[in-house]
Amino acid sequence: MSVPYETAAYEPPESPESPEEHLMRLLGRALNSFELPDEVLRRLDCALAHDGSLHSAHHSAGLHRATYRHTWLLADGSALTLWELVHNTAPGSEPQHEVYVDEEELRTAGSRLALPPDTPDFELPVQVQLSPVPTPRHAYVPDASADHARRLLRRAENADRPGADLADRLSTACGHQITQAFGGPGLASRARVGFSLYEHAFLLRDGVEVSLWEVEHTATPDGRHMCEVYDSEDTARRAMERRAEQVSP
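Rules and cut-offs
Residues numbered from 1 in each chain as written. Predicted model: local features only at pLDDT ≥ 70, side-chain atom pairs only at ≥ 80, totals over all residues. Heavy atoms only, no water. Buried < 20%, exposed > 50% of the residue type's maximum accessible area, 1.4 Å probe, protein only. Helix = DSSP H or I, 4+ residues; strand = E, 2+ residues; numbered from the N terminus. Contact = heavy atoms within 4.5 Å. Pairing = 2+ DSSP bridges. Axes fitted to C-alpha atoms, helices over the stretch in contact; angles between N-to-C directions. Expected span 1.5 Å × (residues − 1). Arc of directions from axis to C-beta. Polar contact = N/O pair within 3.5 Å; in protein donor to acceptor, adjacent residues only side chain to side chain. Salt bridge = Lys/Arg side-chain N within 4 Å of Asp/Glu carboxyl O.

Trainee: How should I be thinking about helix α1 (residues 19–29) in this particular structure?
Mentor: Working note: α-helix, 3.6 residues per turn, so residues spaced by three or four point in the same direction. Within the sequence span of α1, burial applies to P19, H22, L23, L26, L27 and R29. On its buried face, α1 is in contact with α2 (38–44), β1 (49–60), β2 (63–73), β3 (79–87) and β4 (96–100).

Right under this line is the structure:
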């Protein structure tokens, strides 16, 4: 007989978990977590929200099997799902946890368990309700983002560059994107001086987005290349105008 899985204990966490904590708890109890592709784990490194729910269950003659769907909202606005298999068919009847990227792999693993044949699962409709987190403005790349922020601030030569407080916040960056910003009043006519403006957008682990604005130019007495960094686009563009005025004939 198949009955709802409430008869087999599954205790949700007593307090809300962050997406990272939810993932670490899942990987920590799964016997095969080492088999997950590195690319999947890298994508999950910048998850903004998560949802975990019971998907199906089977309970018969003291044995049980259940599957759970764990879904994360990623920094680029997409979602990634991992499937968890929980069962007590191993010797000793202790609950065993396994995790899979693909639902077909999950079914294959479930079919190998020592459960009575021809007994259907109790299956629930999939209802994913991620916490209401705004979709990020940028498509972030999780690639040593905190180190990128540190190196950017280190090469900035302007005295009014962002201070230690912002640097500390950026040490939690888990994704970044670099884009070039165009335009600048009055700069086009100064052909002998080169200006470039870049936005370095960072996604922090708490879901907050922070941008640094990098000005690269040759408006220096000897024409050498110089890097300046500001915490807003307006401040960066005003700095570009000031530099351009200083070298105007």
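More follows now that the structure is in view.
Trainee: Is there a simple way to think about the sheet that holds strand β8 (residues 209–217) in this case?
Mentor: Strand pairs in the sheet, formed through backbone hydrogen bonds, run parallel or antiparallel to each other. Ordered in space as β6-β7-β8-β9, the 4 strands form an open sheet in which the pairing is antiparallel. Taken across any chain shown, the strands that pair with only one partner, and hence form the sheet edges, are β6 (173–181) and β9 (226–230). Neighbouring strand axes in the sheet, compared pairwise and without regard to direction, differ in orientation by 25° on average. Strand direction decides the pairing type here: β8 and β9, joined by 5 bridges, are antiparallel. Residue W213 lies in a different strand from β9, and its bridge partner there is Y230. Across the sheet, helix α4 (residues 145–155) is in contact with β6, β7 (195–204), β8 and β9; its angle to β6 comes to roughly 50°.

Trainee: Looking at this model, I keep getting lost on helix α6 (residues 233–246). Mind explaining?
Mentor: The terminal C-alpha atoms of α6, which comprises 14 residues, lie 20 Å apart, in line with the 20 Å expected from a rise of 1.5 Å per residue. Those residues of α6 that sit buried are A236, R237, A239, M240 and A244. Down the axis of α6, the smallest arc covering the buried residues is 155°, so these residues share one side. Pointing more than 90 degrees away from the buried face of α6 are the exposed residues D234 and Q246. Looking at the buried side of α6, the elements it contacts are β6, β7, β8 and β9.

Trainee: Even after reading the chapter, I still don't get the side chain of N88, so can you show me in this structure?
Mentor: For N88, the location among the structural elements is in the loop between β3 and β4. Classification of N88 by relative accessible area gives buried; the value is 6%. A polar contact is formed between the side chain of N88 and the backbone nitrogen of H64, at a distance of 2.8 Å.

Trainee: Just checking my understanding: could you explain the pattern of salt bridges for this structure?
Mentor: Where charged atoms of side chains with opposite charge meet at close range, the side chains can pair. Enumeration over the complete set of coordinates arrives at 11 salt bridges. Between R29 and E84 there is a salt bridge, with the nearest N and O atoms lying 2.7 Å from each other. Placement of the pair is R29 in helix α1 and E84 in strand β3, with a sequence separation of 55 residues. For the pair R29 and E84, a shared accessibility class is recorded, and that class is buried. With a closest N to O distance of 2.3 Å, D147 and R150 form a salt bridge. Within this pair, D147 and its partner R150 are both found in helix α4, separated by 3 residues, close to a single helical turn. For D147, a relative accessible area of 30% translates into the label partly exposed.

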